[in-house]
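# Chain and residue survey
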Amino acid sequence: MAQITLKALAHSYSPNPSGPEDYAIREMEHVWHQGGAYALLGPSGCGKSTLLNIISGLLTPSDGQVLFDDQVMNELAPEERNIAQVFQFPVVYDTMTVYDNLAFPLRNVGTSEAKVRERVAEVADVLELTSLLKRKARNLTADEKQKVSMGRGLVRDDVAAILFDEPLTVIDPQLKWKLRRKLKEIHERFNITMIYVTHDQLEASTFADKIAVMYEGQVVQFGTPRELFEVPAHTFVGYFIGSPGMNLVEVVRTEKGVRAGTVDLVLAPPLLNAIHQSRSRNIKLGIRPEFVKVLAEPGEGTYPVEIDNVQDLGTYRIVSFEFAGVPFRARLEEDQRLPERKAYIRFPEAWLSLYIDEFRVEVGQ
Ligand code: ADP
Ligand code: MG
């Protein structure tokens, strides 16, 4: 078991990379602590599989180091790294029985047959494969094969970490939910570091204590589901997490704050200072739909808007309107009064985020 550190890591599949766009992993640092249940979340193509393959050793990074505790792993082959990896599609030996498939990773490291029996029985029980142990893998359904594949990843309790690369893609939705719960159970029981790759935010937040959000080859935020929701550190996290995502509007700096379209916003001193210290012109203001106040009457700090659309989703409504020339949304709980077409919105300061070059401006808490 180990802490996994990625140091100045970068990877390009191209032999002669000419710019950042040629890198599947753009220089990044990251630490996965021993024993954590982590998700690696991001859209297709952002570099999730590349990162896992670098950790497991299937891929050698172009730059930087992979460390397990204090030991550099770069030169070590996958089988020397003591990592279990479960892939998107089943990896099973068709001609072997389910039992022998599950036993394989254990026998490979010279485990006694008594211990093999014990572990296989335990894992088969958790994954509900017990009745299939004597069957040849080739006769299994796709779901069953993937469960065997997961079992092969879970069977050793002495690995440094288990990496799951979108392992539930081929599993039907009901079973998916159940298996995710099982993984969580197994994590709690054995305290093995688990990194679970997914592009689904719900899947990430039901499995993980902490989520690493990946975007264009970098981890842009590593936090609890709540932190990702309340303080998105990057505009991409704002946009990607939440349903709908964060409202974002480009702004320009003014003497007292920022201007969005024709709307002037006054900012408190810490944010104001940060904005005046930066020279970037890429400044955005963000607020999640859940935190936008929608009122029937004007008041202090309100802006008039015209409601374009109301979507009733049962226990809440999503209200759409234009603010400073861009589409904005607010989420209203079912007991909140909804004004007619003409409404006034307010942005509680605590929930406003300011982004310079897409990263959130952090001011002393
Ligand atoms: P994800 O798993 O998040 O979908 P990947 O790590 O598979 O992303 O891919 C990251 C980027 O690297 C993508 O642009 C992809 O096209 C590219 N890529 C992945 N594998 C290879 C490869 N073997 N050769 C060249 N480019 C690759
Ligand atoms: Mg992938």
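Here is a short report on the structure shown in this document. (Residues numbered from 1 in each chain as written. Chains lettered and ligands numbered in written order. Predicted model: local features only at pLDDT ≥ 70, side-chain atom pairs only at ≥ 80, totals over all residues. Heavy atoms only, no water.)

## Details of the site of ligand 1
Every residue close to ligand 1 is listed here: Tyr 13, Ala 24, Pro 43, Ser 44, Gly 45, Cys 46, Gly 47, Lys 48, Ser 49 and Thr 50. Within the contact set of ligand 1, a nitrogen atom lies 3.4 Å away from a side-chain nitrogen or oxygen of Tyr 13. Between ligand 1 and Thr 50, the relevant distance is 2.5 Å, taken from an oxygen atom to a side-chain nitrogen or oxygen of the residue. Protein coverage of the free-state accessible area of ligand 1, which is 560 Å², stands at 52%. (Near = heavy atom within 4 Å. Polar contact = N/O pair within 3.5 Å; in protein donor to acceptor, adjacent residues only side chain to side chain. Areas by Shrake-Rupley, 256 points an atom, 1.4 Å probe, with all protein chains shown as cover.)

## Focus: the nonpolar core
Side chains of a nonpolar character, in soluble globular proteins, are inclined to be buried together. Val 120, Leu 154, Ile 162, Phe 164, Ile 211 and Val 213 are the most contacted members of the largest nonpolar core, which totals 48 residues. The leading source of residues in this core is helix α4 (residues 113–126), at five residues. Once residues within four sequence positions are removed from consideration, Ile 162 is found in contact with Ala 84, Gly 153, Leu 154, Ile 192, Thr 193, Met 194 and Ile 195. (Core = buried A, V, L, I, M, F, W, Y, C linked by side-chain atoms within 4.5 Å. Buried < 20%, exposed > 50% of the residue type's maximum accessible area, 1.4 Å probe, protein only. Helix = DSSP H or I, 4+ residues; strand = E, 2+ residues; numbered from the N terminus. Contact = heavy atoms within 4.5 Å.)

## A word on the side chain of Thr 235
Inspection of the secondary structure puts Thr 235 in helix α9 (residues 235–240). There is a polar contact of 2.6 Å between the side chain of Thr 235 and the side chain of Glu 358. Those residues in contact with Thr 235 that sit more than four places away from it in its chain are Leu 248, Lys 284, Tyr 355 and Glu 358.

## Regarding helix α5 (residues 142–154)
For α5, spanning 13 residues, the distance from its first C-alpha to its last is 18 Å, which sits close to the expected 18 Å at 1.5 Å a residue. Within α5, twelve of the 13 residues are buried, leaving the element largely enclosed by the surrounding structure. Along α5, the positions that sit buried rather than exposed are Asp 143, Glu 144, Lys 145, Gln 146, Lys 147, Val 148, Ser 149, Met 150, Gly 151, Arg 152, Gly 153 and Leu 154. Here the buried face of α5 lies against β6 (83–86), α3 (98–108), α4, β7 (161–165), α6 (173–190) and β8 (193–198). (Expected span 1.5 Å × (residues − 1).)

## Thoughts on the sheet that holds strand β3 (residues 37–41)
Strand order in the open sheet formed by six strands is β6-β7-β8-β3-β9-β10, and the pairing between neighbours is mixed. Each of the sheet's edge strands pairs with one partner strand only, and the pair in question is β6 and β10 (218–223). Across this sheet, the average inter-strand angle for adjacent strands is 20°, counted without regard to direction. Sheet topology places β7 next to β8; five bridges connect them, and they run parallel. Its bridge partner lying in β8, Phe 164 is registered against Tyr 196. The sheet contacts of α5 involve β6, β7 and β8, and relative to β6 the element is tilted by about 170°. In the packing of α6 onto the sheet, contacts are made with β3, β7 and β8, and the angle to β8 comes to roughly 160°. (Pairing = 2+ DSSP bridges. Axes fitted to C-alpha atoms, helices over the stretch in contact; angles between N-to-C directions.)

## Some remarks on unusual backbone geometry
Between Ser 243 and Pro 244 the backbone carries a cis peptide bond, its omega angle lying at -5°. Along the chain, Pro 244 falls in the loop between α9 and β11 (247–253). Unusually for a residue other than glycine, Asn 82 sits at a positive phi of about 65°. As for its position among the elements, Asn 82 is in the loop between α2 (78–81) and β6. When its relative accessible area of 27% is taken as the criterion, Asn 82 is described as partly exposed. Despite not being glycine, Ala 324 shows a phi value in the positive range, around 50°.

## What to know about the environment of Phe 104
By the element assignment, Phe 104 lies in helix α3. Those residues in contact with Phe 104 that lie beyond four places of it in its chain are Tyr 93, Met 96 and Arg 152.

## Brief notes about the pattern of salt bridges
Using the criterion set out here, one finds 19 salt bridges in the structure. The partner of Arg 189 in a salt bridge is Glu 122, and the shortest N-O contact between them spans 3.3 Å. Of this pair, Arg 189 sits in helix α6 while Glu 122 sits in helix α4, and the two are 67 residues apart along the sequence. Its relative accessible area of 25% is what places Glu 122 among the partly exposed residues. For Arg 331, the salt bridge identified is with Glu 333, shortest N-O distance 3.2 Å. (Salt bridge = Lys/Arg side-chain N within 4 Å of Asp/Glu carboxyl O.)

## Some points on the packing of α5 against α6
The N-to-C vectors of α5 and α6 enclose an angle of 10°; their axes lie 13 Å apart at closest approach. Between α5 and α6, the angle falls in the class roughly parallel. Across the interface between the two elements, Asp 143, Lys 147, Met 150 and Leu 154 from α5 touch Leu 175, Leu 179, Leu 183 and Ile 186 from α6. (Parallel < 35°, antiparallel > 145°, perpendicular 65-115°, else oblique.)

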